[in-house]
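Here are the chains, one letter per residue:
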Amino acid sequence: MRKKSLITLVVTVLLLSAVMAGSFGLITKYINLGLDLQGGVHVVLQAKATKETAVTQDAIARTIEVLHRRVNETGVREPVIQPEGRDRIIVELAGLKDPEEAIRLIGKTAVLRFKTADGKTVLTGEDLKTAQTGIDPYTNQPEISLTFTSEGARKFAEITTKNVGKPIAIYLDEQLLTNPVVKEPITNGQARITGNRTVEEAENIAKLLRAGALPLDLEFVEKRVVGPTLGADSLNKSILAGEIGLVAILVFMILFYRLPGLVADFALVVYAFLVLGLLAALNATLTLPGIAGFLLSLGMAVDTNIIIYERIKEELRAGKTVRTAIEAGFNRAFTTVLDANVTTLIAAAVLYFLGTASIRGFAVTLALGIVASMFTAISFTRWMLRLIADAGVKNSKLFGA
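Let me begin by describing the structure that accompanies this report. (Residues numbered from 1 in each chain as written. Predicted model: local features only at pLDDT ≥ 70, side-chain atom pairs only at ≥ 80, totals over all residues. Heavy atoms only, no water.)

Looking now at the pairing of strand E7 (residues 128–135). Judged from the 7 bridges that link them, E7 and strand E8 (residues 142–148) form a sheet pairing that is antiparallel. Note that in E8 the partner of Gln132 across the bridge is Ser145. Linking two consecutive strands that pair antiparallel, namely E7 and E8, is a turn of 6 residues; a positive phi of about 60° is found at Asn140 within it. (Pairing = 2+ DSSP bridges. Helix = DSSP H or I, 4+ residues; strand = E, 2+ residues; numbered from the N terminus.)

Shown next, in the form of structure tokens:
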């Protein structure tokens, strides 16, 4: 029994160490860095009223929603789009390779209109379901395929039936895209926009149409590209602070709790690996507040071990055996640990649902850290200490008692 437990303990430590060392680079590769760490674009937009819409809180909210849809089309992860004051919007996009293109995409109003020969608007972008790009099989030129909603399809069928042999012009932001002549009624709810444009232009138009029209006009008040230099410096300092704090924690645990402290140190490394793995699995964006949340949860993970270990020491001083003290220490400290972590999770949830993007990043890493620390402190550490006790370690001094 003793030999088996010792072998299991050694194999577990070696195997986990090998896995963590081998996959650390792969995990960090899939963690995105925020604007404050890798640079990107910071834009301040001034909202202006249109003929149809005044600048109100509701109009600003709807404009932000459309901007979110447009930015998502560019593939940017975790964009920061938030109101500033009564009539301004801040947009922060991290890690963009072509910021100018993204800015052009954001600023477009994207109002699509179908007009008859007499200039009457008979269909708008509100009747559009989706827009996709393709290649015209006859001209081998890029085209945009439009699919209308059920109501839009009904309108389009009626319009094309009445205008056979007549042109129906298609405008985007009052600029003529194409002016095709209706050859026959189109009743399937689909249309094509053709013309001499590149694939990139066609795709950008399709993106705008999919995202929808902006309720308000937007004017660029401020536009700047944030370089990665400041972010890299902040990241390096955060890593250094984390390393110093981690070393101090590791030394403290060994000095005060001896063998269990060493187990807690190894569990802490496993904990950090788990949190990074969860961030990579979620394809999360890591910001400076997120790093702060991670470091805070690191301290809380150690705090959980301290509560349990102090209870174990009390049991040992009361004359109990090592195995009995371990079980009693974990059982009696569990309620306290659970209460502390649940209240922190509630706080993290409030920050996530009510906070801005950077605060939400802090909340996410804090919550993931708490969940991971509960596993490593309650389950993993307990299992390893059981193996140590079963391996024949009986000296209470090795447990700091």
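Moving on from the model shown.
Moving on, we get to the nonpolar core. Residues Tyr271, Leu279, Ile308, Tyr309, Ile312, Ile326 and Leu385 are the most contacted members of the largest nonpolar core, which totals 50 residues. Top element by residues in this core is helix H7 (residues 228–281). It accounts for 17 residues. Grouped together as the second largest cluster of nonpolar side chains are 22 residues, Phe148, Phe156, Ile168 and Leu209 included. (Core = buried A, V, L, I, M, F, W, Y, C linked by side-chain atoms within 4.5 Å. Buried < 20%, exposed > 50% of the residue type's maximum accessible area, 1.4 Å probe, protein only.)

Over its 30 residues, helix H8 (residues 288–317) extends 44 Å from the first C-alpha to the last, a length consistent with the 44 Å expected when each residue adds 1.5 Å. Of the residues one or two after H8, Gly319 is the one with positive phi, at around 100°. (Expected span 1.5 Å × (residues − 1).)

Below, the discussion takes up the side chain of Glu327. As for its position among the elements, Glu327 is in helix H9 (residues 322–354). Once you skip the residues sitting within four places of it in the chain, Glu327 turns out to touch Arg382 and Arg386. (Contact = heavy atoms within 4.5 Å.)

So, on to the packing of aromatic side chains. Going through the model one piece at a time under the given rule, you end up with 8 aromatic pairs. Relative to Phe156, the ring of Phe148 has its centre 4.8 Å away and its plane inclined at 35°; by these criteria the two rings are tilted. Neither Phe148 nor Phe156 differs from the other in exposure class; each is buried. Chaining the aromatic ring pairs together yields one cluster made of Phe114, Phe148 and Phe156. (Phe/Tyr/Trp six-rings, centres within 6.5 Å; stacked < 30°, edge-to-face > 60°.)

Here 4 strands make up an open sheet; going across it, the order is E6-E5-E9-E10 and the pairing antiparallel. Bordering the open sheet on either side are strand E6 (121–124) and strand E10 (175–178), each of which pairs with just one other strand. The average angle at which neighbouring strand axes cross in this sheet is 35°, direction not considered. Summarising the sheet, strand E9 (residues 169–172) and E10 pair through 3 bridges and their orientation is antiparallel. Residue pairing in the sheet places Leu172 in a bridge with Gln175 of E10. (Axes fitted to C-alpha atoms, helices over the stretch in contact; angles between N-to-C directions.)

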